[in-house]
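Summary of structural features
The primary structure of each chain is shown beneath.
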Amino acid sequence: MKYMQYKGVVEREYKKSLRKIMHEICVVEGLNSSLGAKKLGVAKEIFVFWRSFYRLDRNQQLFDQSVNDIDQMKFLYLNEAKTIDLKRPLQHDDKQSLEGLEELVGRMVEYYKCVHAESNGLAKDTGNLPLYEFVQELLGDYKSGHLLMEVESQKKKAQ
C-alpha cells in the first residue's frame, strides 16, 4: 500500500482526519514512534513520516513555539517605543548621584526598548534590556526601603 492508502484506512477506522489522530497520539498521549505505529497498525516509517509531515515531533513543536514566541516579542515594545524621545536632555548630567544613576538607567531601558522595536526583537543588543530593567527595579527597591528590609531580614536569618 502507499501512504495515501494507509491514510485512508486509518481515517476510516478512527472516523477522524489523520491530523487529529496524529495530534492525539503524539501530543495528547505522548507516544513515541514505535508505540504510535503499533497503535495505528502501520509501519514505523509511515508513522514517522506522518509525525514529521504534521510537525508533531517534540523538537519540531519546540521550534515552532520558539518561532511563535519571537513573533510575539517583536510587538512587545512597539507602541511604547513610539513615545520615547531619546534626544531629550538629561536632567542630572552634571553630577554623579543616585538620581543621576536612576535617570541614566531609565534612559538605557528606553534605548534598548527602541532598539528592540526597530529590530523586531532580533537585535543582539536587546539582551541588555532585562539587565537594565533589573537595575531599575533594584534602585526602586533601594529608594523605597525594601532593599534595606530584605538585608536586615537576611542578617537575622544568618544569626
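What you are looking at is a predicted structure, and each value in this text was computed from that prediction instead of being measured. Per chain, residue numbering runs from 1 following the sequence as it is written. Local features are withheld for residues below a pLDDT of 70 in this predicted model, meaning they are given only at 70 or higher, and side-chain atom pairs are given and counted only at 80 or more; totals for whole chains, interfaces and linings count all residues. Only hydrogens and water are removed before side-chain values are computed, so all heavy atoms of the structure are retained for them.

1. So, the overall build of the protein
Formally: Each helix is a run of H or I in the DSSP string that is no shorter than four residues. Each strand is a run of E no shorter than two, and both are numbered from the N terminus. C-alpha atoms define the radius of gyration, and 2.2 Å times the number of residues to the power 0.38 defines the globule rule. The classification of residues rests on relative accessible area computed with a 1.4 Å probe and restricted to protein chains. Under 20% of the type maximum is buried, over 50% is exposed, and intermediate values are partly exposed.
Secondary structure assignment for the protein yields 9 helices and 0 strands. The N-to-C order of helical and strand elements in the protein reads α-α-α-α-α-α-α-α-α. Taken over the C-alpha trace, the protein has a radius of gyration of 27 Å; the compact-globule value for 159 residues is 15 Å, which it surpasses by more than 25%. Taking all 159 residues of the protein together, the buried fraction comes to 24%.

2. Considerations on the pattern of salt bridges
Let me state the cut-off plainly: By convention in these notes, a salt bridge is any Lys or Arg side-chain nitrogen within 4 Å of a carboxyl oxygen on Asp or Glu.
Tallying each qualifying case throughout the model produces 9 salt bridges. Note that Glu-80 is salt-bridged to Lys-113, the shortest N-O span being 2.5 Å. Linking Glu-80 in helix H6 (residues 78-82) with Lys-113 in helix H7 (residues 98-118), this pair joins segments that are 33 residues apart in sequence. Glu-80 gets classed as partly exposed once you look at its relative accessible area, which sits at 36%. Overall, the relative accessible area of 11% leaves Lys-113 in the buried class. One salt bridge in this structure joins Arg-88 and Glu-110, with 2.8 Å as the shortest N-O distance. You can see Arg-88 sitting in the loop between H6 and H7 and its partner Glu-110 sitting in helix H7, a full 22 residues away along the chain. Here the residues in one salt-bridge network are Arg-88, Arg-107 and Glu-110, joined through shared partners.

3. A closer look at the nonpolar core
Going by this rule: Nonpolar cores are built from buried Ala, Val, Leu, Ile, Met, Phe, Trp, Tyr and Cys residues. Side-chain atoms within 4.5 Å join them into one set. Note on contacts: a residue pair qualifies if any of its non-hydrogen atoms lie within 4.5 Å across the two residues.
Judged by nonpolar contacts, the single largest core of 14 residues is most densely connected at Val-10, Leu-18, Met-22, Leu-40, Val-42, Phe-47 and Trp-50. Elements represented by at least two residues in this core include exactly helix H2 (18-28), helix H3 (33-40) and helix H4 (44-53). Counting residues per element, this core draws most heavily on H2, which supplies 5 residues. If we skip the residues at most four places from it in the chain, Phe-47 touches Met-22, Ile-25, Cys-26, Asn-32, Ser-33, Gly-36, Ala-37, Leu-40 and Val-42.

4. Re the packing of H7 against helix H8 (residues 129-144)
For the record, the criterion: For helices, the axis comes from a line fit to the C-alpha atoms of the stretch in contact; other axes are also lines fit to C-alpha atoms, and the angle between any two N-to-C directions lies between 0 and 180 degrees. Put simply, angles under 35 degrees are roughly parallel, angles over 145 are roughly antiparallel, angles from 65 to 115 are roughly perpendicular, and the rest are oblique. Left-handed describes a crossing in which the near helix is turned anticlockwise from the far one by less than a right angle; the clockwise case is right-handed.
Between H7 and H8, the shortest axis-to-axis distance is 9 Å and the interhelical angle comes to 150°. Taken together, the axes of H7 and H8 lie roughly antiparallel to each other. Note on packing geometry: the crossing formed by H7 with H8 is left-handed. Across the interface between the two elements, Leu-98, Leu-101, Glu-102, Val-105, Gly-106, Met-108, Val-109, Tyr-112 and Lys-113 from H7 touch Leu-129, Tyr-132, Glu-133, Val-135, Gln-136, Leu-139, Tyr-142 and Lys-143 from H8.

5. Regarding the packing of aromatic side chains
Quick note on the threshold: Pairing of aromatic rings covers Phe, Tyr and Trp, the last counted by its six-membered ring, and requires centre-to-centre distances within 6.5 Å; plane angles under 30 degrees mean stacked, over 60 mean edge-to-face, and any other angle means tilted.
For the structure on display, the rule yields 4 aromatic pairs. Each ring, one from Phe-53 and one from Tyr-54, has its centre 5.0 Å from the other, and the planes form 80°; the classification is edge-to-face. A relative accessible area of 12% places Tyr-54 in the buried class. Among the aromatic side chains, those forming a connected cluster through ring pairs are Phe-49, Phe-53 and Tyr-54.

6. Concerning H4
Heads up, the rule is: The directions considered for the arc are those from the helix axis to the C-beta atoms.
For H4, every residue scored as buried is listed here: Ile-46, Phe-47, Trp-50 and Arg-51. The buried residues of H4 all sit within an arc of 135° when viewed along its axis, so they share a single face. Exposed side chains of H4 directed beyond 90 degrees from the buried face belong to Glu-45 and Phe-53. The positive-phi residue at the C-terminal boundary of H4 is Arg-55, with phi of around 55°.

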